[in-house]
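Residue strings, one per chain:
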Amino acid sequence: MLRYVIKRLGGMVLTLAFISVIVFVVIQLPPGDIVTSTLERMEASGMQASDEYVQNLRARYNLDKPPYLQYLSWIYNFVQGDLGYSYIFSKPVNELVWERLGYTLLITVSAVLFTWIVAVPFGIYSAVRQYSIGDYSITVVALIGLATPNFLLALLVMFFAWEWFGVSIGGLYSVEFRDQAMSLPKLLDLLTRLTIPASVVGMGGTAVTMRILRANLLDELNKPYVVTARAKGVRPVKLIFKYPLRIAINPFISTLGLLLPTLISGEAIVSMVLNLPTTGRMLLQALLAQDMYLAGSFLMLLAILTVVGMLISDLVLAWSDPRIRYE
Amino acid sequence: MTDNILEIRNLGVRFRTDTGITNALNDVNFDVPRGKVTAIVGESGSGKSVTANCIMRLLQPPGEIVSGSIMFEPSEREAFDVVQVADRDPRIYELHGGLISMVFQEPMTALSPVYRVGNQVAEAILCHRQVSKEAALAEAHDMLQRVGIPDVDTRINMYPFEFSGGMRQRVVIAMALVCHPEVLICDEPTTALDVTIQAEILTLIKDLQAELHNSIIFITHDIGIVAQIADYVVVMYQGRVLEIGTVRQVLKDPLHPYTKGLLAAIPGIVPKNQRLATIATSVGDADITTPYPLKDVGDGRMVSQP
Amino acid sequence: MSEAVLERPPDSQDPIAQVAPEELDLLTPKQLAWRRFKRHRLALVSGGVLIFMYFVAGFAEFFAPYATTYRNVTAINAPPMDVRFFEHDGTFHFRPFVYGYDLHINEETWAREYSENPEKLYPLRFFARGDPYELWNLFDGNLHLFIAEDETGAGYIHFLGTDQLGRDVLSRVIYGGRISLSIGMLGIGLTLILGVFFGGFAGYLGGWVDRIVQRMIEVLQSLPTLPLWMALTAALPAHWSSLRIYFGVTIILSLFGWTALARQVRGRFLALRNEDFVIAARLIGSGQNRIIFKHMMPSFMSHTITTATLAVPGVILGETALSFLGIGIRPPIVSWGVLMEQAQNYQVISMTPWILYPGLFVVIAVMAFNVLGDGLRDAADPYNTGGL
C-alpha cells in the first residue's frame, strides 16, 4: 500500500508540473500583456509614459526576461506560496484567492456529497428493479439532468424560487446574515442555502454516476459469487449491499475522480449565475483583463484541487479494492 | 423417516424470454436417497443445473417452476415441499446453506474478491447460528483445515485471488459444509479444474461424505466421474429424465439408447485407431427425442421408453 | 429406487422452443448491428429528432420566418403568440391565424405589457414570399415556410415571442441551431482526428510514444475544462471576425475533448494486435496496411464513432456555456448560448421567460445525442445478440 501511495504521489507531482506549463502557456497566449494594457489606458487618459517608466514596469513584472525564465520565476514563487500581485485589484493575489477557493471547495464537496446521497440509492433501486416503472422514471430524469446545462438549471431554480416563493436564492447568506460574524444560525443558514448550488452543480454528475452504478450493479448481480452467497443463506438486503454493491462501488469511486473536473467547471459557471463569492466571476474578470498572476493562480489552484481530489479517490479505491492494493 | 431425503415429482420449469418460451424441465421425476451420492449426468442444456437450482430455490426470473413438487425431509423435522415455500419464508434461508448447500462450477468467481476467505466461510455460520464472530471464525478455521487447506492460520486472512483454483474450490466446499447441511449439491465442481486437481477434489468430497454421512447430488457431464463417486445415477437429456438406476446397473447395462451412446463415447474404452463414437441426437431420432414417460423396469430401475 | 407412480402422459410441447438460427447466419455484421439498433426504439426516435433539427438548421433561411437581424420595434420583449383557428367571438377560420399585439404601459411598474388585439388578425401563409435572404450566402431567395400577413401586407408572427430588441426568438433559435449544432459536428470531427491520431500512434507504436500520450491524456483529463476553455477563448483577439471566432472556439473545445477517444482507440489497438483474427491475417501474409485498414479499423471504428457521438453533447454544452458567459461565439453570429446571454438574472427571466427557449433546444439536442449514442453503443457491440 505504501509503495502504491508513493507511486501515485510521484505521478501527481509530475502531472502538476505538466499542468503548470500548460497554465503558463495559456495565460501568456493573449497578445499583449499587463504593461501594454496599462500603457493603452494611460494613453487613453492622455498621459505619456516615459521609456524608463515602461522599462521599470516590464522589469517589475519580469516581462523583460525570456519566457522560460518568466515561467521558472513564476513557478518558483508559486511553490513558495507567493502567488504574485493582482493588477486589476491592486492587491497581492494571496489576499484575493483563498477565501474564494475555500467556498469553491465547500460547494464542490457539497456537490460530491449530493451526488452520492442521491445517486447511490436511486442507482441501486434502478438496478435491482430493472425495467420497472421506477427504473424508467429514474432513467428519464437522469437523461434530462444530463442534458441540461447547469447554468440553465441555476437560472430556472432561481426563477422558480422567485416566482413561487418570492425568495432570492442568490448569494451564500440570507440578507439578514450578510454583515454578521459567523454564528450558529448563520452557519445553518449557509448550509440551507448551500443545498441549491450543491444540487445544481451535482445534477449532471449525479445522472452519470447513477447510470454507471446501475450498469455496474447489473453486471455484478448475476456473478457466481452472488449466487454462492445466496446459496449459503445471506438475506436479500445484506446480500446486495455486501456482495454486488461492494464491487460495483469500486469503478464508482474512480468515476468520482473523473467527475471532479466537471464539478469544478460546473461550479465556476453556476456560481456566476447564483452570484456566489467563489472563483468563477473573479477568474473571468482576471482572464478578460489579462491579469496573469491572478488568472494563473486561479487556474493552477483549481487544477491542484482537481488533481488532489483524484488522488484521494484513487487512494480510497485502493483501500477499498484489495486487488489494486496488492498489485 | 423415509429412505429418500428428496423426492422430486413432475417438476416442470420454463424460461420466458423475448424470443419465446423454453421448457427447461419437463416432468422430471427422481429420488435422492438419504446418505448416498446421486449423480445427475447429461450434456449442456439437459436441465441438470436447473434441477439443482430448483432444489435450492435459486431459480431466477425469467425461469419459473410451473408444476410439480420437491418433497424434502430433513432428519430432525417434518417434511415439506420446497416448491411451495414462499419467497419470503424464513425456511428459504434455513434451506440455503443450512439444510442444503451447493458447490459451484467456477471456483475462480464463486468467491467475492474483496473479502478475506475466513470472513466468507464464517459468514455462512453467522447466517444460521447465533454465535460470536470469533467463534464463527474458529469454526471456519477448523473447517478449512478439514478440507485440506495448508497453513490455515495465514491463509484464513488472505483474499480469494491469492488462492489457486483448486484451493478456492476447497474453500467453497468448506463454506458449503461448515453448517453441516443434510444435502450437498455439487454442480460440476471439478469441470473448471485441471485433471490432477480434479482427482484431489473428488477424493475430498468422497472422504467428507464418508465422514459426515450427508446426501450428495453430484452434477456432471463426465461419466467417468460418475463411476468414481456415485451410488445412483439419473441420466438427463433436453429437460427430461431418461434413465434412473444404481451406478452398477446403469454403467454395466444401460437400457436407454442415449445412455448407451453416452457410454460408447467415453475415450479409452474404444480400441486404438478407431474413431470415438458420437451420440446421434439429431432431431427426429425417435428413440431419444420422443418424450416417453419413465417406466419401472424392476430392480428399482426406471427408463424412458415406449 | 422408486415406485411406479411416475408414469405420466408426455408433454406434447416441443421440449425446446427454438429461434430460427439459420436466419441470423445470413446477416452481415452491419445488418446485425442495424437490427440491434432498431430494437432501441428511443435511439431511433432520437436519430429522427436530430436529422430533423439538422435539416431545419441547414435550411434556416427557409424555415425561419425572419432574419436574425430583423427587428419588430412595435413588439419589444413581446410574449409568444398563440396560433388560433377560432376568433374571440367564435368565428372559425380554416386558415390558422394570430392576433397582433396591443401595447400597454403598466402605470405602476412602467413595464411594457402586451395583450392580443382582436382587430389585428394576421392569417398564416405557408410557402409564402417574405423577407429576402441569401441561402448559404449563395442563392437569393425570399420563400419562407410560413409568415403571417393580412391582405394589406401588414402582420407579424412571433411564435416564441421577441427579445429586448424586438427580434423574433423562433427565427434566432433556428439560426442559432445552425451554429450550435454545426459546432457539435465540426468539433467532433476534430476530436475524431486528434483521438484516432494520438490513440492510434500510442496503441500501434507502444513504448515511449505510448507513455507520453498516456501522460498527456492523464494531464488533460485532470484539468477543470471550463476554466481552461474560458482562459483560451478569452485569449481570442477582440478584432477577429465572428467567423474566425467560431472556428477558434470549435478548435478550443476539441482540444481537450479527444482524450476519452484516444484512450479507447489505443486500448482497442493494443487488444486487437493480439486477437486471433489479426494474427491469422498476418499469418496468411496480409500486408501491414491491409491488416490495419481491412481488419483492425472496422472492428473498432463502430466503437469510435459511438464514443464520438457521446462526445458531441460536451461540445454543444461547452459552446453554450462559453457563449452564455459572453466569451464564446460573438454576435452578429447567433448560437443557442449567445441567445441565452441576455438571461443573466432572474429579473429578466421573470419578465420575459421565453428568452430561455433556446435552452429547451439545447436540452433536446443533447438528450437526443446521448440516447442515440447509447443505442449505437449497444448496436456496435458484436457480442450483444441478446433477444435477437
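None of these values were measured; they are calculated from a predicted model.

Criteria and thresholds
- Residues numbered from 1 in each chain as written.
- Chains lettered and ligands numbered in written order.
- Predicted model: local features only at pLDDT ≥ 70, side-chain atom pairs only at ≥ 80, totals over all residues.
- Pairing = 2+ DSSP bridges.
- Helix = DSSP H or I, 4+ residues; strand = E, 2+ residues; numbered from the N terminus.
- Axes fitted to C-alpha atoms, helices over the stretch in contact; angles between N-to-C directions.
- Buried ≥ 20, exposed ≤ 12 C-beta atoms within 10 Å, placed from the backbone.
- Left-handed = near helix turned anticlockwise from the far one by under 90°.
- Contact = placed C-beta atoms within 7 Å.
- pLDDT = per-residue confidence, 0-100.

Visitor: How do you make sense of the sheet that holds strand 11 (residues 294–296) of chain B when you look at a structure like this?
Guide: Backbone hydrogen bonds hold the strands of a sheet together, and the pairing may be parallel or antiparallel. All names here are of chain B. The 8 strands lie next to each other as 6-7-8-3-9-10-12-11, forming an open sheet whose pairing is mixed. Strands with a single pairing partner mark the edges of an open sheet, and in this sheet they are strand 6 (100–103) and strand 11. Adjacent strand axes in the sheet meet at a mean angle of 20°, parallel and antiparallel pairs treated alike. The pairing of strand 6 with strand 7 (residues 183–187) spans 4 bridges and is classified as parallel. Within the sheet, the bridge partner assigned to Ser101 lies in strand 7 and is Leu184.

Visitor: It is not clear to me how the pairing of strand 10 (residues 240–246) of chain B should be interpreted in this structure. Could you clarify?
Guide: The side chains of a regular strand alternate between both faces of the sheet. All names here are of chain B. Counting buried positions along strand 10 gives 6 out of 7 residues, so the element sits mostly inside the fold. Alignment of strand 9 (residues 232–237) against strand 10, held across 6 bridges, turns out to be antiparallel. Within strand 10, the residue paired with Val234 across the bridge is Ile244. The antiparallel pairing of strand 9 with strand 10 creates a hairpin that spans 2 residues between the two strands, and Gln238 there sits at a positive phi of about 45°. Of the pairings in the sheet, the one linking strand 10 to strand 12 (residues 302–304) comprises 2 bridges and is antiparallel in character. Following the sheet pairing, Glu243 is matched in strand 12 by Val303.

Visitor: In this structure, what is going on with the packing of helix 5 (residues 169–205) of chain C against helix 14 (residues 357–380) of chain C? I would like to understand it.
Guide: The geometry of a pair of packed helices is captured by two quantities: the angle between their axes and the separation between those axes. All names here are of chain C. Two elements in contact, helix 5 and helix 14, have axes whose closest approach is 10 Å; the angle formed by their N-to-C orientations is 40°. At the point where helix 5 passes helix 14, the crossing takes the right-handed sense. Counted together, Val169, Val173, Gly176, Gly177 and Leu181 of helix 5 and Tyr357, Pro358, Phe361 and Ala365 of helix 14 form the full contact between these two elements.

Visitor: Got a minute to help me understand the interface of chain C and chain A in this structure?
Guide: Interfaces are often sized by the amount of accessible area the parts lose when they come together. Across the contact, 35 residues belong to chain C and 38 residues belong to chain A. Elements that contribute at least two residues to the side of chain C that touches chain A include exactly helix 6 (207–221), helix 7 (225–234), helix 11 (288–324), helix 13 (346–351) and helix 14 of chain C. Ranked by residues supplied to the side of chain C that touches chain A, first place goes to helix 7 of chain C with 8 residues.

Visitor: Just checking my understanding: could you explain the confidence of the model for chain C for this structure?
Guide: As a general rule, the predicted coordinates of low-pLDDT regions are not to be interpreted in detail. On average, chain C scores 79 in pLDDT, and the residues at 70 or more come to 91%. Of the two predicted TM-score estimates for the complex, the pTM is 0.78 and the ipTM is 0.82.

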